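Observations on the model geometry
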Amino acid sequence: MSASPGAHPLLVVGAGISGVTAALEAAEAGRKVVLVEREPYVGGRITRTHHYFPKMCPPSCGMEINTRRLERNANVRVCVNAEVVNARRSDAGWSVTIRHRPAYVNERCTACGACSEVCPASVPDPFNMGLTQVKAIRLAHGNAWPRRFTLDRHACPDGCRACVDACTYDAIDLTAEAREEQVEVGAVVVTTGWSPYPLDKLPELLGGKDPDVIANVHMERLASPSGPTGGKILRPSDGAPPRRVAFVQCAGSRDVNHLPYCSAVCCLASLKQAVYVKEQLPDAEVTIYYIDRRAPGRNEDVLTQVAAMEGVRLVKGKVGKITRADGLLKLRVEDVERGVLVEAEADLVVLATGMVSNLKEEPSPFGILLDEDGFGLPSHDLGLSVAGVARRPEDVAASVRDATGAAARAIVATERRA
Amino acid sequence: MQRIGVFLCTGCGIGEALDVAALEKVAREEKVAHCATHPCLCSPEGVGSVRAAIDDGTVDSVLLAACSPRAKAQEFSFDPLKVAVERVSLREQAVWCQPPNHEDTQLLADDLLRMGIAKLAKMVLPVPFTAEISDTVLVVGGGVAGLEAARAAAGAGHPVVLVESAATLGGRMAGVAQLLPECPPYDVLHPNRTAELVAKVQGDPRITVHTRTRITSITGQPGQFAVTLATEAGEKSFTAGAIVQATGARPYDASKLPHLGYGSSPNVITSAQLDDMLAKGALQRPSDGSVPQRVLFVQCAGSRDPHHLPYCSAECCGTTLRQVATIHQLNPAVETAVIYRDMRTPGQLERFYLAVQSQPNTVLTRGEVAQVSGNGHGPLQVQLRESLLGNDVTLEADLVVLAVGMVPNAADGEAVRALHDALLRAEKGDSETQRKDAAALAQQLAHHQGTEILHLDYRQGPDLPVLKYGFPDSHFICFPYETRRTGIYAAGTVRAPMDPPQAAEDGWGAAMKAIQCIEAAKRGAAVHPRAGDLGMPDFFLQRCTQCKRCTEECPFGTLNEDVKGTPQLNPLRCRRCGICMGACPERIISFPDYGVDRISAMIKAMSVPEEFEEKPRIVALMCENDALPALEQAAARRQRWSPWIRVIPLRCLGSMNIVWIADALSRGIDGLMLVGCKSGDDYQCHYVRGSQLAQTRLGNVQETLTRLALEPERIKVVELSHDEFQRIPEIFNAFAAEIEGLGANPMKGF
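This is a predicted model, so every value here is computed, not measured.

What counts and what doesn't
- Residues numbered from 1 in each chain as written.
- Chains lettered and ligands numbered in written order.
- Predicted model: local features only at pLDDT ≥ 70, side-chain atom pairs only at ≥ 80, totals over all residues.
- Core = buried A, V, L, I, M, F, W, Y, C linked by C-beta atoms within 7 Å.
- Buried ≥ 20, exposed ≤ 12 C-beta atoms within 10 Å, placed from the backbone.
- Contact = placed C-beta atoms within 7 Å.
- Helix = DSSP H or I, 4+ residues; strand = E, 2+ residues; numbered from the N terminus.
- Nonpolar A, V, L, I, M, F, W, Y, C, P; charged D, E, K, R; others polar.
- Domains from an automatic or database assignment.
- Pairing = 2+ DSSP bridges.
- Axes fitted to C-alpha atoms, helices over the stretch in contact; angles between N-to-C directions.
- Right-handed = clockwise from strand over helix to strand, strands pointing away.

1. Describing the nonpolar core
Counting residues in each nonpolar core, the largest one holds 379 residues, and the members touching the most others are B:Ala65, B:Val244, B:Leu402, B:Ala511 and B:Ala514. If near-sequence neighbours (up to four positions away) are discounted, B:Val244 is found in contact with B:Val137, B:Val139, B:Val140, B:Gly146, B:Ala149, B:Tyr489, B:Ala491, B:Ala510, B:Ala511 and B:Ala514.

Spelled out as structure tokens, the structure:
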């Protein structure tokens, strides 16, 4: 096999770890790939994750290699700030319309930072899930790639041109407009990923109502050196280190009123986060309330390690209600082992919320069949694959596996058509 | 004659913080062919000026003194076969981390430029590599993963040879009637389509299937593996470009679980045995053929247990639920009980769990089974502890099914080699002690005897190296197909515990990597992680002393040995990390753009102030994959540190050659830091054990230092993760202070 000249490129939609993987694996086999991402950078959710389980290593380590592979491979065309808005079947496979959002900051940007210094406007930092404020023009995060600043244009004060004047490279154009592009592609891999189940859907657990009731995704930012606290785990209410941390597993998961399925990663995320807490705050008490401890494969090691830690308790029980009284968070727990209802106290609660496929809220224009929870179903058409969490709840290792397989499917689809 | 062009960028604050005229002077002193400055070198105009100088023949080697090679790589990309390029990070390593217009900042920038020119002056262009490359993919194992891999590779237009040791294809799933649901509503079993998959593979003209066949030898390298098979019809040889190992897993040996009654009662069986029984459509007690009224499943039988399998096999909970559902299809009156520690049904399998739970005559409960007792006739007594039904409860059952975990069908290639070596030493060792120790080691490793599967003719062993628990894999999170043997990819349950649909996906993934490896071999390009690197390693063998360090230390088994121990290069196995180069005491290994003399030249190019100037000099050899990005992240945040440090990026800390330490110390450099990534079981090294090897080498150096009356503290190894940018100033400043405390290198000025 070798790429026939003029063969249509493959299209990968969504450049999280799954999309980046699918694009690179195909490109390194000689295929042209168009990789479309709506954020201004590639990497998706893993860029906001402090460490991976079970190795407790930073995701940026693997992404470093992936971005190097991307920037040195002429076969991949990366379109950030872009979305596929329309798609229809064609002789090539698919004819798609890509909408590029206005390129206020163009490729002449050197990431020198002069614009950010003079920018008068601030916005809640989406990278840190609104936990901090950032300049309207900024590098989206420390390792953002493409290494180019991004501007929240809507935050610009009327008539302000401070950044334009500060930029000596002609890299900022406040009048840039969106444009649409028509591309013929041979096959499509959809890797649009997931969003965390919204905290405010869990009012009985004080989700969205109490600053010290946070989601697992917030904990990742708190523990990260590039996060809002420089990596210090602190209670959002008063900035003090927590003494009693409770993890509530299956918060809104395995629950017919919320997400009926299991998100497959939350047990391990909480076990991992218990390690974050104990490494920083050895005297803190950590309790994990769970229904089942799901740590498949070699991830069992994490469970073994955490269960043996002093000051960590794993309690089989469902947390039904959280209230705040006397300055503390009170958890009502059905302790299944002992068959009793107990009340426990904590000063920081982490709700282990699940993953929602982004296809649920925003179906793709490819007509992918979804199950009732919004996960994309496999089809017999090799020219249209869904991989990563858009397909099913799974961890990074599984997403990378599925994305690599999806790249092979896309290649086979174009071979058949050739 | 090399014509070096120095292109200085004055953008991003470089021009304001540094004396650019002084930098130009440095370049001219190095007698470069061309030196120019540009206010924004990465702009189309700036890059255009570089291209113009190349195109008109003014220069053939380009030094870009601007920003880090991690920035603007797309803009600064030139034909690697025509132009040598070196980049000097004036922005990240001087301007962003040092005070502007300071004497020490300028000295640092001058040094960085000299070092870059010195390295570039030693670089050569890669020679295009051409060889005949086979498109054929060898798939070892005809279970679900292997079948899917064969189908994928064939679909992409590759000839496939599929080898299976059993008489039929399909593996463990072949006989199973129904599988877990993969589609909505996820509450009923689905027909097993493995037979259709087998038929598809057998009917594919691009796929040659050999059943009852084993591999007898594999020699060569990716693109050119010479494979010999022992088939029923005799020996068969062919060439393959890449290999997928999908040899599956076997159930854990239940006879090691006598407390669960296996072996003492015929009515205690494994889930694999129950599958065999259900495949025949009959549920029977093995003791008397009667239909059991009560079937009890013991989950985690020998799993999640430090005395047996410490890991979870990930699919046993699902398998049990499938079997409970199948039993109720056959006979709804049978009572089933499942005793589990944690029910592990991720994703939509949760819905099937709920569906099984709601069936009549089904009890699923948490507990631990302490003992199963009973003999062939009466009911079995199952004693529970710590169960939700209470402590020390005893249940009766007519049939007990042990949900045992899986053990990979993989040979530990390195252990097989170690056994072979030990046996040889036990026989021919130099001393009695050596022979005795070797015999003891051989005894310990004896269980690896005859376990070979791939029979690779590799110096480091006949099969893939394995991780903890025996699964052949290396970077199982980010890069799950990166085994430590280039061109050989593990797929399915041999790689990690997984269920059949996951194994099927894994077959496609491994096939993708196999196809990709073949394409890379055609260009002579490296695969992951330096994908596309065209530079091949070069061995100047006339000076080789047969010390075998390179052949032993290569993480990827690139080098074989001839009878004398001279390394035999298999360039298409090479991943370009340079660990062999670091290991070689004769310094005879190099790459076109990387080599011992290149880095030595950088060290020698630095200016070393006299002792009275009180400006110590420190060299930091840093891993470019993790430590260097951390440094650049710190620089981007405008953190500051000692101006005495000169950073030299390495492909991997394992490529550190100790001659660099000698070079540095003999030049009067006062201290050295080696900054690499985390080693150990949870290593982060992209080349598996680079930082560990560097530490071992350093251990040997430190004795020498003491002999030379040099303080061992002058050399420090630091492990730094990619995200630990906050530690950089502290680490650098603390080391600078320590070196200041030690005083000047006594060899300064000699």
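Resuming the write-up.
2. Here we look at the interface of chain A and chain B
If you look at the interface, chain A gives 62 residues, while chain B gives 69 residues. Elements supplying a minimum of two residues to the side of chain A that touches chain B: helix H2 (59–71) and helix H9 (396–417) of chain A. The biggest single contributor to the side of chain A that touches chain B is H9(A), with 13 residues. Each residue belonging to the side of chain A that touches chain B can be placed in one class, and the counts come to 28 nonpolar, 11 polar and 23 charged.

3. A word on the domain arrangement of chain A
All names here are of chain A. Its domain assignment divides chain A into domain 1 (10–101 + 178–194 + 356–417) and domain 2 (198–353). Using C-alpha coordinates to define each centre, domain 1 is positioned 31 Å away from domain 2. On the domain 2 side, the residues contacting the 12 residues of domain 1 number 19 residues. Within the side of domain 1 that touches domain 2, the residues separate by chemical class into 5 nonpolar, 3 polar and 4 charged.

4. Examining the domain arrangement of chain B
Residues and elements named next belong to chain B. Parsing chain B into structural domains produces domain 1 (1–125), domain 2 (137–248 + 451–523), domain 3 (251–408), domain 4 (538–589) and domain 5 (608–750). Between the C-alpha centres of domain 2 and domain 4 there is a distance of 30 Å. Taken together, the contact between domain 2 and domain 4 spans 11 residues of the former and 11 residues of the latter. Of the residues contributing to the side of domain 2 that touches domain 4, the split by class is 3 nonpolar, 5 polar and 3 charged.

5. Quick look at the sheet that holds strand S17 (residues 328–335) of chain A
Residue and element names in this part refer to chain A. Overall, mixed pairing links the 7 strands, which are arranged S13-S19-S14-S15-S16-S17-S18 in an open sheet. Unpaired on one side and paired on the other, strand S13 (213–215) and strand S18 (340–346) mark the two borders of the sheet. Going from strand to strand, the sheet's axes swing by 40 degrees on average, the running direction of each strand aside. Across 5 bridges, the pairing between strand S15 (residues 285–290) and strand S16 (residues 312–325) is parallel. Counterpart to Thr 287 in the pairing with S16 is Arg 313. Against the sheet, helix H6 (residues 266–280) makes contact with strand S14 (244–251), S15, S16 and strand S19 (348–353), and its axis sits at roughly 170 degrees relative to S14, the strand it touches most.

6. Some words on the pairing of S15(A)
Residue and element names in this part refer to chain A. Within S15, 5 of the 6 residues are buried, which leaves the element mostly enclosed by the surrounding structure. Here S14 pairs with S15 via 5 bridges, running parallel. Looking at the pairing, Val 245 lines up with Val 286 of S15. As a crossover connection, the stretch from S14 through H6 into S15 is right-handed.

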